[in-house]
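# Fold and geometry: a report
Take a look at the letters that make up each chain.
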Amino acid sequence: MLLPIDFTTYTREMMGDALFLRLLEGLSASPVTSIRHNPLKINQINSEGGEGSISLPVDVPVPWCEGGYYLSTRPNFTFDPLLHAGAYYVQEAASMFIDQVVRQHIQHPVLMLDLCAAPGGKSTALRAALPTGSVLASNEVVRQRANILMENMQKWGHPDVMVTHATPADYHRSGLLFDAILADVPCSGEGMFRKDAKAIDEWSVQNVLKCQQLQREIVADAWACLRPGGLLIYSTCTMNTKENEENIAWMMEELGAEALETTIDDSWGITGSLLSSMDTPVYRFIPGISRGEGLFMAVLRKDGERASILNESSDKKSRKNKKSSTQTRQKALPITEWLSDSESFAFIEQDEIVRAIPKRWQHIYDKLKSLHILHAGVEVATIRGRDYVPCHALALSSSLRRGIFEEHAASYEEAISYLRREVITLPSNLKRGFVLITYKGLPLGFVKNLGTRANNLYPQEWRIMSQLKEG
């Protein structure tokens, strides 16, 4: 690996010879593969499989993340139907540290924002770690990346999620205050050097300084969206102190932030501040020392105390929404039975899509209507004339009422054909109408059984395009 001279000079001086040599050794080694299972859909991952689990080449657990595992080899994930069913997420191990942070610092239901969330690794980890009753807004500024984020969050299948395509300034203007915000900010990407050669090519001192300024602008907008007493989790996948320690110092001085300590184990190989003048609790993963790629994370608290918006309700809001919500529920009545616990949802029709929003946070959804909402709650159905066509997201949602649709348990070959959006031949005893395709007990999506044939309803943009290589 040929590293930029400016990078090696600066990093050696910052780390010292011993630590820098260990970094070089780490960068010369092959990246490790790690995954995290979805507790909504399976109990565990192991090498044998079995009821409630799936089989992958497990090495050892990721010690700082519940449900995280290192793998001994990298499978061809594209051709595992269970990945497409949302049974697990392929995520770099250091990034899973967000699980440890959330479980230590958040014990009660919160409204949380993942501000720069694509492709969705940390958002799915947040959704698994947050206390029951929490609501997560996952946001991405770049539209193409926002579509990928939406796909991954729909596959994860949790109903207490929104996906938005907005800027930090848009959130600021919405006036909504969050209990916790993750700012996994754009950075110079030094921590991804051994996985992404493009990150090396694009690195420069000028880009580091440019990123530092952008990060402060993003944090300033995020801080304005944070309620008094709320938590900001700051994260980068880079190693220099300008984008990390210096930014934390800036937040403490300019914003009045208080840095909080997270308990870690020495065996995890996590290092602290690289600035001798700074003893603030920060957490850095360095290839060659910790088992994963480069990552920096810190937890900061905003001064003050204020009740969470999740606990706020008013008669005024209730009166305002009562009429329209009732009308929408009546219009959506034919599909309410598609959800388990349907009485806990408000069914909202917009742009020929019916969404089911949990009633307890409908006021939050209404507050964010000014933003571009790509997904919220459960995407239940598309309206086609007088018909309701079940959305693909419904099949993947944990709120789907199993047994309401005819089901076909697909073989592996059938599952791959379905994921390629090819024609599926159904057993003749299945009733006409919408049929749920499953694989090893988990839903993959819908087809419409016409009797003589079945229309594959898998999303065109999600289909498998590549070919499975033998051997």
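So, how was this worked out
- Residues numbered from 1 in each chain as written.
- Predicted model: local features only at pLDDT ≥ 70, side-chain atom pairs only at ≥ 80, totals over all residues.
- Heavy atoms only, no water.
- 1 Å grid on protein atoms, 1.4 Å probe; cavity = no way out; pocket = protein on both sides within 12 Å on 5 of 7 lines; lining within 4 Å.
- Points joined across faces, edges and corners; volume = space filled by probe spheres on them.
- Helix = DSSP H or I, 4+ residues; strand = E, 2+ residues; numbered from the N terminus.
- Nonpolar A, V, L, I, M, F, W, Y, C, P; charged D, E, K, R; others polar.
- Pairing = 2+ DSSP bridges.
- Axes fitted to C-alpha atoms, helices over the stretch in contact; angles between N-to-C directions.
- Buried < 20%, exposed > 50% of the residue type's maximum accessible area, 1.4 Å probe, protein only.
- Parallel < 35°, antiparallel > 145°, perpendicular 65-115°, else oblique.
- Left-handed = near helix turned anticlockwise from the far one by under 90°.
- Contact = heavy atoms within 4.5 Å.
- Core = buried A, V, L, I, M, F, W, Y, C linked by side-chain atoms within 4.5 Å.
- Arc of directions from axis to C-beta.
- pLDDT = per-residue confidence, 0-100.
- Polar contact = N/O pair within 3.5 Å; in protein donor to acceptor, adjacent residues only side chain to side chain.
- Salt bridge = Lys/Arg side-chain N within 4 Å of Asp/Glu carboxyl O.
- Phe/Tyr/Trp six-rings, centres within 6.5 Å; stacked < 30°, edge-to-face > 60°.
- Lys NZ or Arg CZ within 6 Å of the ring centre and 35° of its normal.

Before going further, it helps to examine the layout of surface pockets. Roughly 890 Å³ of volume is contained in the second largest pocket. Taken together, 36 residues form the lining of the second largest pocket, with Met150, Gln154, Ile353, Leu374 and Glu379 sitting closest to its centre. Listing elements by their share of the lining of the second largest pocket, those giving two or more residues are helix H6 (143–156), strand S15 (345–350), strand S16 (353–358), strand S17 (372–376), strand S18 (378–384), strand S19 (387–390) and helix H14 (392–396). Broken down by class, the residue content of the lining of the second largest pocket amounts to 18 nonpolar, 9 polar and 9 charged.

With antiparallel pairing, 4 strands are arranged side by side in an open sheet as S4-S5-S1-S6. Looking along the sheet, the strands with just one partner apiece sit at the ends: strand S4 (58–61) and strand S6 (88–90). Strand after strand, the sheet turns through a mean of 30° between neighbouring axes, direction not considered. Pairing of strand S1 (residues 33–37) with strand S5 (residues 68–71), which is carried by 4 bridges, proceeds in the antiparallel orientation. Opposite Ile35, over in S5, you have Tyr69 as the bridge partner.

Judged by how many residues are buried, strand S21 (residues 433–439) sits mostly within the fold: 6 of 7 residues are covered. Bridge count between strand S20 (residues 406–409) and S21: 4 bridges; the pairing is parallel. Opposite His408, over in S21, you have Ile437 as the bridge partner. Pairing geometry for S21 and strand S22 (residues 442–449), over 7 bridges, is antiparallel. Considered in S22, the bridge of Thr438 is made with Pro443.

So, about the packing of helix H5 (residues 121–129) against H6. Running from amino to carboxyl end, H5 crosses H6 at an angle of 30°, the nearest separation of the two axes being 10 Å. For the element pair H5 / H6, the angle class is roughly parallel. The two elements H5 and H6 cross, and the hand of that crossing is right-handed. Contacts between H5 and H6 involve Ser123, Thr124, Arg127 and Ala128 on the former and, on the latter, Asn152, Met153 and Trp156. In terms of residue class, the contact of H5 with H6 is built from 3 nonpolar, 3 polar and 1 charged.

One finds Tyr171, Phe178, Ile181, Leu232, Ile248 and Ile364 to be the most contacted residues of the largest nonpolar core, which totals 42 residues. With 4 residues, helix H9 (residues 205–224) is the single largest residue contributor to this core. Other than its neighbours up to four places away in sequence, Ile181 contacts Met112, Leu113, Leu115, Ala222, Cys225, Leu226, Leu231, Leu232 and Ile233. Judged by nonpolar contacts, the second largest core, of 40 residues, contains Val102, Ala117, Met153 and Leu231.

Time to look at helix H1 (residues 5–15). Each α-helix winds once per 3.6 residues, and so residues spaced three or four apart point in a common direction. Residues of H1 that are buried: Phe7, Thr11, Met14 and Met15. Seen along its axis, H1 keeps its buried residues to an arc of 80°; they face one direction. Exposed side of H1, more than 90 degrees from the buried face: Ile5, Thr9 and Glu13 are the residues found there. Of the surrounding secondary structure, the elements contacted by the buried residues of H1 are helix H2 (17–28).

Let's shift gears to the environment of Gly191. By secondary structure assignment, the location of Gly191 is in the loop between strand S10 (178–184) and helix H8 (197–201). As a C-alpha pair, Gly191 and Glu92 span 99 residues in sequence and 11 Å in three-dimensional space. Ignoring anything within four residues of it in the chain, the contact list for Gly191 reads Cys237, Thr238, Met239, Glu293 and Gly294.

Turning to the confidence of the model for the protein, a few remarks are in order. Here the protein averages 92 in pLDDT, and 93% of its residues register 70 or above. Note that pLDDT drops below 50 for residues 314–332; the model gives that stretch 14 contacts with residues more than four away or on any other chain.

Take the environment of Leu27 next. For Leu27, the position within the fold is in helix H2. Using a relative accessible area of 5% as the deciding quantity, one classes Leu27 as buried. When sequence neighbours within four positions are dropped, the list of residues in contact with Leu27 reads Met1, Leu3, Phe193, Arg194 and Pro287.

Looking at the secondary structure, you find Asp160 in the loop between H6 and strand S9 (161–165). Within the local environment of Asp160, its side chain forms a polar contact with the side chain of Arg360, the two groups lying 2.4 Å apart. If we skip the residues at most four places from it in the chain, Asp160 touches Arg127, Ser134, Val135, Leu136, Pro358, Arg360 and Trp361.

In this section: the pattern of salt bridges. Evaluation of the coordinates by the stated rule reveals 18 salt bridges. Taking the shortest distance from any N to any O, the salt bridge between Lys122 and Asp184 comes out at 3.1 Å. Of this pair, Lys122 sits in helix H5 while Asp184 sits in strand S10, and the two are 62 residues apart along the sequence. Here Lys122 matches Asp184 in class, with each residue buried.

It is worth spelling out empty space enclosed by the protein at this point. Inspection of the entire model under this criterion finds 1 cavity of 30 Å³ or more. Lining the largest cavity are Met153, Gln154, Gly157, His158, Pro159, His375, Gly377, Val378, Glu379, Ala393 and Ser397. Of all the secondary structure elements, the ones that give two or more residues to the lining of the largest cavity are H6 and S18.

Under the defined criterion, the tally for this structure stands at 14 aromatic pairs. The interplanar angle of 70° and the centroid separation of 5.1 Å between the aromatic rings of Trp64 and Phe285 together place this pair among those described as edge-to-face. In this pair, Trp64 sits in the loop between S4 and S5 while Phe285 sits in strand S13 (residues 283–285), placing the two residues 221 residues apart along the sequence. Overall, the relative accessible area of 1% leaves Trp64 in the buried class. In textbook terms, an aromatic cluster arises when at least three aromatic residues are bridged by ring pairs, as seen for Trp64, Phe97, Trp268, Tyr283 and Phe285. Lying over the aromatic face of Trp462, Lys155 brings its terminal NZ or CZ to 5.3 Å of the ring centre. The side chain of Arg291 reaches across the aromatic face of Tyr70, ending 4.1 Å from its centre.

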